[in-house]
Amino acid sequence: MQDSTQIPGSIRCEAAKYKYKKSSYVEMFEVLQSLRKDEVFCDVKLKTDDGKIINGHKVVLASASEYFHAMFTHFEEKNQDLVVIKQLDSSTLQFLIDFIYSGEIMVTEENVEVLLAAANLLQLQEVKEACCEFLMAQLCPKNSIGINALADLHNCTKLLTSSELYIQEHFSKVVEEEEFLSLSLEQVVKWISSNEIKVPAEDNVFECVIRWVKHDLGPRKCILPQLMEHVRLPLATKNYILKNVIEEPLLKDCLKCKDYLVEALHFHMLNSDDLITFKQNSRTKPRHHYGSHKVILVVGGDRKYGVSSTEWYDPKIGRWNIGPEMITFQGYTGIGVVNDNIVFAVGGIYSYRRCVGVLNLSSESPCWKPTVDMLVKRQLLGVGVINNYVYAVGGLNKDGCLSSAEVFNCRTKEWRMISNMSTSRSSVGIGVINDLLYAVGGDDFDLTLKSVECYHPSLDKWTPIADMHVRRSGAGVGVLGGIIYVVGGYNVAQVHSSVEAYKPSTGNWTTIADMHLCRQNAGVVALDGLLYVIGGNDGRTDLDSVEIYNPITDTWTMITASMNVARANAGVVKPFITK
């Protein structure tokens, strides 16, 4: 008799499922490589300038390279079985095609330059990054200038930053090598005018300039004054000037160079009182060399009704120290630094302020003092400094969000209005690069902005640039390695942890790694090749934490030392101290 027993519906097992995912595609690509070598299923032949043919499969090449993907989907080559690849020799192309099929490539000193150029052309990002990693590991005084030029040529951002930092750190040794002698005038000026090069004394800079000129004396002798303009001769010792500089024959024959020599000797005749009021120029401004360094000064904040305290962070010892108390509580303040040690605190929260405070860190007992008021009351403004002119941009007062801006002449101690921005901007971020002022995001009461505009002081004109990817008000702005970084901020009810970067040379915004925390109204400053983001508000509470961005690794790190006071809307600058 047949058993008619059935499993009750309530306890039946559901249909079993098991998803298997292949862990490695090595075997598949080994087969594809074998098929390619045997010319099986190959549907394209790549012909190089030297006439050699390399076989391949369009679908494989297109899956690995945006260059080939565009070629085989949008251009006339999609219907051709013979494609000419110009600018590449067969051995280099063979290396890269083998990489596409195998995932392996050997980078050496002999092939790295051609591989980098070819990978950049074919848009093989992994090979490009491998070449950059190899070159970063090879950096030394003999090759750092050449690697820097290579990185700039192929738009390798991490390698460019890494090589620039290396040159700055080892400048005294780099200028002793042959590569330095082959630099153009513009390139030499770029390096010797930098505040960031580390030299034990200004003697090194003077000597490298003389060596560069004498290497090709005929055409270079006449441009010596253009170089001496950037040698900080007043900062060399008086003994060195008298023994070495005065006796240099090239200077004896150059009237303009003699003016720089007289300036240096006059500087050494000034007493301490004269130095405090002395009008600095680029040649009397200390570089960030050994024995001297910058710190991060944080001023005020908007906790409750404003914070009057200041504190400063010394990255060499990783410690926060209490700074001079402000005259009054001054939240929503803009801040800037002049001559590396004169700090201006502009505007503030009380009844929308016009007042300005100044702190001279070169004095024996630094304290805040009032100086000339602005012409317009402002809070939530942006502040930038260009050539010792302090710019106060946008902000908010009882009349609403402001599009106006004004500038303070530190020499005449006068404020004057400049052209209005195209847009009213409260909580605006300010960045300065190449003597141009960038006003970033903010809000106009009705809308959080993603627009950015650039002010040209010589033209008294604002010009729009490309919009950010994200609308940001209260974003932090910092400049590092010729790139403007915009950090956090908020849009309506959302506080951002995202960060984007703008490179003026390309005119493009790119997204970089997110911060660990969401932050609005944080302070941002660049120091020693790192970007510091300080405090801010995460949408619920003010923060006392700090995180730093490393552009070489595209990573963020929280530092262990927190501020003594949690702060948002604080002013942050990096004044220079000598110890």
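Residues numbered from 1 in each chain as written. Predicted model: local features only at pLDDT ≥ 70, side-chain atom pairs only at ≥ 80, totals over all residues. Heavy atoms only, no water.

**Observations concerning the packing of helix α11 (residues 185–192) against helix α12 (residues 203–215)**
As a packed pair, α11 and α12 sit with axes 11 Å apart at the nearest point and diverge in direction by 175°. Accordingly, the angle class assigned to the pair α11 and α12 is roughly antiparallel. Taking contact as the criterion, the partners of Leu 185, Val 188 and Ile 192 in α11 are, on α12, Val 205, Cys 208, Val 209 and Trp 212. Classifying every residue of the contact of α11 with α12 gives 7 nonpolar, no polar and no charged. (Axes fitted to C-alpha atoms, helices over the stretch in contact; angles between N-to-C directions. Helix = DSSP H or I, 4+ residues; strand = E, 2+ residues; numbered from the N terminus. Parallel < 35°, antiparallel > 145°, perpendicular 65-115°, else oblique. Contact = heavy atoms within 4.5 Å. Nonpolar A, V, L, I, M, F, W, Y, C, P; charged D, E, K, R; others polar.)

**Comments concerning the packing of aromatic side chains**
The final tally for this structure, using the stated rule, is 13 aromatic pairs. Both rings, one in Tyr 313 and one in Tyr 532, keep their centres 6.3 Å apart while their planes meet at 55°; by these two values the pair is tilted. Placement of the pair is Tyr 313 in strand β6 (residues 310–314) and Tyr 532 in strand β29 (residues 530–534), with a sequence separation of 219 residues. Taken individually, Tyr 313 and Tyr 532 each receive the classification buried, so the pair is uniform in this respect. Ring centres of Tyr 502 and Trp 509 lie 5.0 Å apart, and the angle between their planes is 40°; this geometry places the pair in the tilted category. Of the two residues, Tyr 502 and Trp 509, neither departs from the other in class, the shared state being buried. Among the aromatic side chains, those forming a connected cluster through ring pairs are Tyr 67, Phe 68 and Phe 72. Across from the ring centre of Tyr 101, 4.9 Å away, lies the NZ or CZ of Arg 36, which sits over that ring. The ring of Trp 212 carries Arg 220 above its face, with NZ or CZ at 3.8 Å from the centroid. (Phe/Tyr/Trp six-rings, centres within 6.5 Å; stacked < 30°, edge-to-face > 60°. Buried < 20%, exposed > 50% of the residue type's maximum accessible area, 1.4 Å probe, protein only. Lys NZ or Arg CZ within 6 Å of the ring centre and 35° of its normal.)

Function-wise, these values are silent; they only describe arrangement.
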